[in-house]
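# Observations on the three-dimensional arrangement
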Amino acid sequence: MPQPVGWDLSASLAVAALVLGYLLGSIPFGLILTRFAGLGDIRSIGSGNIGATNVLRTGNKKLAAATLIGDALKGTVAVLLAGHFWGPEAALLAGLGAFLGHIFSVWLRFKGGKGVATYLGVLIGLAWPMALLFAAVWIAVAYIARYSSLAALVASVLVPIVLLATGDIPKGGLFAVLAVILILKHSTNIRRLLGGTESRIGQKG
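Below you will find a few notes about this structure.

### As for the overall build of the protein
Counting its secondary structure elements, the protein contains ten helices and zero strands. The linear arrangement of helices and strands in the protein, starting from the amino end, is α-α-α-α-α-α-α-α-α-α. Taking 205 residues into account, the globule formula puts the C-alpha radius of gyration at 17 Å, and the protein, at 17 Å, falls close to it. Principal-axis analysis of the C-alpha atoms gives the protein an extent of 50 × 35 × 25 Å. A total of 205 residues make up the protein; the buried ones form 43% of that total. At a minimum sequence separation of 6, the contacts of the protein that also span at least 24 residues come to 63%. Counting only carbon and sulfur atoms, one obtains 71% of the accessible surface of the protein, whose full area is about 10,100 Å². Measuring between centres, the 16 positive side-chain charges of the protein sit 17 Å from its 6 negative side-chain charges.

### Some words on helix H1 (residues 11–25)
Compared with an ideal rise of 1.5 Å per residue, which puts 15 residues at 21 Å, H1 spans 21 Å between its outermost C-alpha atoms and is within 8% of the ideal. Along H1, the residues that are buried comprise Ala-14, Ala-17, Gly-21 and Gly-25. End-on view of H1: buried residues confined to an arc of 65°, all on one side of the axis. Set apart from the buried face of H1 by more than 90 degrees, the exposed residues are Ala-11 and Ser-12. For H1, the elements touching its buried residues are helix H4 (61–86) and helix H5 (88–103).

### What to know about the packing of helix H6 (residues 116–126) against helix H8 (residues 148–165)
Each pair of packed helices can be described by the angle between their axes along with the distance between the axes. Two numbers describe how H6 lies on H8: the axes approach to 11 Å, and their chain directions differ by 30°. With respect to their mutual orientation, H6 and H8 come out roughly parallel. Of the two possible hands of crossing, H6 and H8 adopt the one that is left-handed. For the pair H6 and H8, contact is made by Val-116, Tyr-119 and Leu-123 and by Ala-152, Ser-156, Val-159 and Pro-160, respectively. When grouped by side-chain class, the residues that make up the contact of H6 with H8 number six nonpolar, one polar and no charged.

### Regarding a nonpolar patch on the surface
On the surface, Ile-69, Leu-73, Val-77, Leu-81 and Phe-85 cluster together into a nonpolar patch covering about 460 Å² of accessible area. Residue position: Leu-81 is located in helix H4.

### Some thoughts on the packing of aromatic side chains
Applying the stated criterion to the full structure yields three aromatic pairs. With a centroid separation of 6.5 Å and 70° between ring planes, the pair formed by Phe-99 and Tyr-119 is classed as edge-to-face. Taken together, the positions of Phe-99 in helix H5 and Tyr-119 in helix H6 put the pair 20 residues apart, joining distant regions of the chain. Comparing Phe-99 with Tyr-119, the two get one shared label, buried. Between Tyr-119 and Phe-175, the aromatic rings sit 5.2 Å apart at their centres with planes inclined by 65°, giving edge-to-face as the arrangement. Within this pair, whereas Tyr-119 is found in helix H6, its partner Phe-175 is found in helix H9 (residues 169–185), the two being separated by 56 residues in sequence. As far as the burial class goes, Tyr-119 and Phe-175 line up, both buried. An aromatic cluster is defined as three or more aromatic residues linked by ring pairs; in this entry it consists of Phe-99, Tyr-119, Phe-134 and Phe-175.

### Details of the packing of H4 against H6
Here H4 crosses H6 at 40°, and the two axes come no closer than 7 Å. When the axes of H4 and H6 are compared, the pair comes out oblique. Regarding H4 and H6, the two cross each other, and that crossing is right-handed. Between H4, through Leu-68, Asp-71, Ala-72, Lys-74, Gly-75, Thr-76, Val-79 and Leu-80, and H6, the contact on the second element is made entirely by Ala-117, Thr-118, Gly-121, Val-122, Ile-124, Gly-125 and Leu-126. Residue composition of the contact of H4 with H6, by class: eight nonpolar, five polar and two charged.

Thresholds, definitions, all that
- Residues numbered from 1 in each chain as written.
- Predicted model: local features only at pLDDT ≥ 70, side-chain atom pairs only at ≥ 80, totals over all residues.
- Heavy atoms only, no water.
- Helix = DSSP H or I, 4+ residues; strand = E, 2+ residues; numbered from the N terminus.
- Rg over C-alpha atoms; globule rule 2.2 N^0.38 Å.
- Buried < 20%, exposed > 50% of the residue type's maximum accessible area, 1.4 Å probe, protein only.
- Contact = heavy atoms within 4.5 Å.
- Areas by Shrake-Rupley, 256 points an atom, 1.4 Å probe, with all protein chains shown as cover.
- Lys, Arg positive; Asp, Glu negative; His and termini not counted.
- Charge placed at Lys NZ, Arg CZ, Asp CG, Glu CD.
- Expected span 1.5 Å × (residues − 1).
- Arc of directions from axis to C-beta.
- Axes fitted to C-alpha atoms, helices over the stretch in contact; angles between N-to-C directions.
- Parallel < 35°, antiparallel > 145°, perpendicular 65-115°, else oblique.
- Left-handed = near helix turned anticlockwise from the far one by under 90°.
- Nonpolar A, V, L, I, M, F, W, Y, C, P; charged D, E, K, R; others polar.
- Patch = residues over 30% accessible without salt bridge, like charges linked within 9 Å, V, L, I, M, F, W, Y side chains within 5 Å.
- Salt bridge = Lys/Arg side-chain N within 4 Å of Asp/Glu carboxyl O.
- Phe/Tyr/Trp six-rings, centres within 6.5 Å; stacked < 30°, edge-to-face > 60°.

Written out as structure tokens, the structure is:
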């Protein structure tokens, strides 16, 4: 059975965990890597997003993979650091902070990505078996439908449902919140999916 989280973290440590997560999450790997590669500002192509899916539209698969890894790892590192020094409740707050940092990066005037890779990274740090479930669902939906956004939405919604169903209320609650935010960030993708105009995986432009 999942171990209950004791919500007795002091206010100062709670803020510290959120800030730690936010600062790590705010690192815009997609923008940094594409600029170092001489590809300019990734926000000027495709969807304008800084995430791996849009980086893939440059045609550079290695750069897209590096972006995916970087955006995921910043969530994982935030969770593991906060959990190691301050405990499990701090890890949850750091995960929330990392996710929000990626979406509302202080370095990009509080704009950023849509949060899928960082969601996965936080999940790896907090509940790695659920990360395997997320990956399996994402791969299955992406393979069948060829839509990255649809795969991410289905996987991100399924995770908190499974966590809550198995009695892991703190983590289930956190990922339910992250899933709602992720859905809101994908509102334009949802409209395009419904209209049949959403870009497929590997499609440029």
